[in-house]
Every structure is written in structure tokens, then in C-alpha cells.
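Residues per chain are reported as follows:
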Amino acid sequence: MPAEKFIPFSRPTISEAAIQEVSDCLRSGWITTGPRSAKFEEMMRDYFDAPHALACLNATMGLWMIFKAIGLKPGDEVITTPLTFVATLNTIVLAGGKPVLVDVEPDTYNIDVKKMAAAITKKTRVLMPVHFAGSPCDLDKIYALAKKHKLRVLEDCAHAIGTAYKGKRLGSFGDIQVFSYHPNKNMTTGEGGAIVTRDAAVARSIEIQRFHGIDKSRWSRHSKIPGLGHYDVVEAGLKSNFMDIQAALGIHQLAALEGFNKKRRVLADYYLKKLRGVPGLTLPISPSFAHFHSRHLFAPVVERGAKVDRDTLMVELKKRQIGTGLHYTACHLHSFYEKKFGYKRGDFPNAERISDGILSLPLCPTLTRAEQDRVIKAVWEIMG
């Protein structure tokens, strides 16, 4: 009997039309920032109903450039969650700021807004919620805090393209949002990210930063647009521009995103139905307020005292040709953050409980019902 095919925890959904677009791009002679990048940004502005949507090399660079754009200074504090990918914290540190962590809610895995409020000091500059797995944070409360204390809000939306909060799509309101287009996200451009904002000064800063601090885009300097190719460097910038090869994918991915997210929701609902009652396994809980969950991840928690622990479950699933992800080890438990900021186990018990037991089960639009049933059967066999 042939071995069962491996089921990865995620795989990108790429259409033939997108593949053809990439091929056409390669043949066009314009593969870096150019007309397809401009078209993709226009599509994003329409999608988010926002005046400024800027594509960049990746979401990590997007976060870092935002901190530079808003003038984060050494010692400035940014309040965020320990339950996130380290890029959230790394960008704060690299920009010269101090990450101030507060615990998460035990059920939604999102930052506890009451604890966020208690952590605000005179040094606080930014509130930085992370919409974990595509589940929205309680933004009304966060923006009320920001208004009261005159703070910026930078939403880490790496998981949350397509997520809606009380009927409003993330990116269509608020201060600043950063999205990720990594291959395991709900849509992909290979690598890539996007910054969405209603702040014209921030947008202008990003335009300059993402290409060496030059005051004109390469497209405007080298295309058929009238004018000579002179330019000025107005600040010391890095290189985080978006390529037309990426945009060739993004144009089709963004158009298909709503369908991708609907399929993810169907898959997540099926997991919730079929895994209910597995001994020692806590399923993710959505917020009580009105929202649309983009279901970037389906990440249950193996509780302490279960028949098998999280790592054993992951090993046993792999033996059955089923891939999983670990999203995430709580950031304060990484050695760098322990040494630099003095964080230790016990500081954030909710995040630690989740971090110790969380795993991501296979979830992507191309996951078949037969594959999902294999995953569900295996979890019951191992845990039951």
C-alpha cells in the first residue's frame, strides 16, 4: 500500500492566471518596481478604502519604517503582546524603542486591553495590538486609550488581511496597519508586505525610506513619464521596494482573497465541530463582539496534564504525514528578551499557557475534506 501523501500545515494557492502574469512580467523587461506594482497599490487602496497603501519588501521592514516615520526615539515605549512572532518586538528594539509587554486574554489570545491601559506611562508612544490568527482585537477600546493619552496606534495585521471589526475591514479605519504577504498568509506575493494609513506625512516618509531616501520612485525616473532622471536623497534610507514580479502575483491574489477567506472559515468551522470534546485540547475562541475572522491559523492548545503534550502531538502527527506549525513561543521566553529586558517565566501566565501548548493544524484553501478528515482522525487517535 503506498504511503499517504504529506499534508503541510500551509501551502499557497496560486492560480494559472497568476502564473501567467508572472511569466508575462518576466518577458516584459520590467521586473522590479514598475507598472504592476503601481496597479497593485491602486488595488490595495480600493480594497482598504484608504488614501495610502504602500507595498514593501516584507511586513517586518514595514513595521520598522513606521517607527522611523513617526519619530520613535531611544527609550520610547511601545506596548504590545508577548504572543506574537518576534518581528513585532525586534522592530521596536531595532528602531531604538522599548517593548513593554502585557498579557493576553486566555481565550482569544489577543492582548488584554485592561492590562494595556495599566501599562501606559509618560514614556509610552505607541499601542501595538496584534490580531492573532486573524481574530481582531477590541479596537474601540484601544483607540479610546490612544485618544485619551495622545498615542499612536500601529496595528500588526500580519495575520489579518480580510478581517473585519464591527463591520469595518481592518485597514479601512484607524491610524496605521501593516499586513504580510508571506507564503503562509491568506494571500501571498512570495515575500512582501503593505502599510496602510490615513496619515499623509507617514505615507510620504515610507515612500522615501523604502528606496534609499530618494525623493522620486525609480518608475517615475526611468519610465516614459516626461522629465529627466535627476533625483535627490533627502534622508538616509534603506531598500524595501516592492517588485513587479511580486505584484504580478498580488494582483491575482488580492482579487481572490475573499474566496480564500470564505474557504478558510468553512475549514475552521469544520475543525471546531469535529474536534470538540478531544480530551486535553482547547479550541480557539472568537471574540464576542461582531467581527469577521480571516482564519489565518487554526491553533488549538494542548493543555497541561493532557494525555500527550504538544510536542508529542506534533511528532505523532508528523509520523502520520501531517504537518503542523508552532505559532508561537511567547517572545519574553526567548533568551535575547530575557537578557536584555529581564523578562522571565511567570511574567505573563496566559501567554505562557498558550505558548506551551499551541500548535497550528493544516489550514489553507486547497485543503481537501479528505485531508482534513485525516487530520481530525489522527488528533482523536493520539489525544483521545
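For the structure, check the block above.
Anyway, here's the lowdown on the structure attached to this text. (Residues numbered from 1 in each chain as written. Predicted model: local features only at pLDDT ≥ 70, side-chain atom pairs only at ≥ 80, totals over all residues. Heavy atoms only, no water.)

Before going further, it helps to examine unusual backbone geometry. Between His-327 and the following residue, Tyr-328, the backbone shows a cis peptide bond with an omega angle of 5°. Mapping Tyr-328 onto the fold places it in the loop between helix H10 (310–319) and helix H11 (335–341). Phi is positive for Tyr-109, which is not a glycine, with a value near 75°. Looking at the secondary structure, you find Tyr-109 in the loop between strand S3 (98–101) and helix H5 (113–118). Here Lys-150, not a glycine, exhibits a phi torsion of approximately 55°, which is positive. Position of Lys-150 relative to the elements: it lies in the loop between helix H6 (139–149) and strand S5 (152–156). (Helix = DSSP H or I, 4+ residues; strand = E, 2+ residues; numbered from the N terminus.)

Taken together, the seven strands give an open sheet; going across it, the order is S1-S9-S8-S5-S4-S2-S3, and neighbouring strands pair in mixed fashion. Looking at the sheet topology across the chains shown, the edges are occupied by strand S1 (52–56) and S3. Each adjacent strand pair in this sheet contributes to an overall mean axis angle of 25°, direction not counted. Across four bridges, strand S2 (residues 77–80) lies against S3 in parallel orientation. From the neighbouring strand, Thr-80 faces S3, where its bridge partner is Leu-101. (Pairing = 2+ DSSP bridges. Axes fitted to C-alpha atoms, helices over the stretch in contact; angles between N-to-C directions.)

Evaluation of the coordinates by the stated rule reveals 14 aromatic pairs. Taken together, a centroid distance of 5.5 Å and an interplanar angle of 15° make the contact between Phe-40 and Phe-242 stacked. Taken together, the positions of Phe-40 in helix H2 (residues 35–48) and Phe-242 in the loop between helix H8 (218–222) and helix H9 (244–274) put the pair 202 residues apart, joining distant regions of the chain. Since its relative accessible area comes to 0%, Phe-40 is described here as buried. Judged by its relative accessible area of 2%, Phe-242 is buried. By the ring-pair criterion, three or more aromatic residues cluster together here, those being Phe-336, Tyr-337, Phe-341, Tyr-343 and Phe-348. Stacked on the ring of Phe-341, the Lys or Arg Lys-340 has its end atom at 5.7 Å from the ring centre. (Phe/Tyr/Trp six-rings, centres within 6.5 Å; stacked < 30°, edge-to-face > 60°. Buried < 20%, exposed > 50% of the residue type's maximum accessible area, 1.4 Å probe, protein only. Lys NZ or Arg CZ within 6 Å of the ring centre and 35° of its normal.)

Now for the nonpolar core. In terms of nonpolar packing, the biggest core is built from 41 residues, with Phe-40, Met-44, Phe-48, Leu-127 and Tyr-181 touching the most fellow members. For this core, the secondary-structure elements that each account for two or more residues are H2, S1, H5, H6, strand S9 (193–197) and H9. Take this core: its biggest share by element is five residues, from H6. In this structure Phe-48 touches Ile-161, Leu-170, Gly-171, Ser-172, Phe-179, Tyr-181 and Val-196, once residues within four positions along its chain are discounted. Counting 29 residues, the second largest nonpolar core, distinct from the first, contains Leu-281, Leu-283, Val-302 and Met-383. (Core = buried A, V, L, I, M, F, W, Y, C linked by side-chain atoms within 4.5 Å. Contact = heavy atoms within 4.5 Å.)

With respect to the helices and strands, Trp-30 occurs in the loop between helix H1 (16–28) and H2. Each C-alpha atom, one on Trp-30 and one on Glu-258, is 29 Å from the other, the two residues being 228 residues apart in sequence. Of note is the side chain of Trp-30, whose polar atom sits 3.2 Å from the backbone oxygen of Thr-32. (Polar contact = N/O pair within 3.5 Å; in protein donor to acceptor, adjacent residues only side chain to side chain.)

Attention shifts here to helix H13 (residues 369–383). Given a rise of 1.5 Å per residue, 15 residues ought to cover 21 Å, and the 21 Å separating the end C-alpha atoms of H13 matches this to within 8%. Where H13 is concerned, the buried positions are Glu-371, Gln-372, Val-375, Ile-376, Ala-378, Val-379, Ile-382 and Met-383. Here the buried residues of H13 occupy an arc of 160° about the axis, which is enough to place them on one side. Facing away from the buried surface of H13 by more than 90 degrees, the exposed residues are Ala-370 and Lys-377. Summarising the contacts, the buried residues of H13 are in contact with H9, strand S10 (281–282), strand S12 (301–302) and H10. (Expected span 1.5 Å × (residues − 1). Arc of directions from axis to C-beta.)

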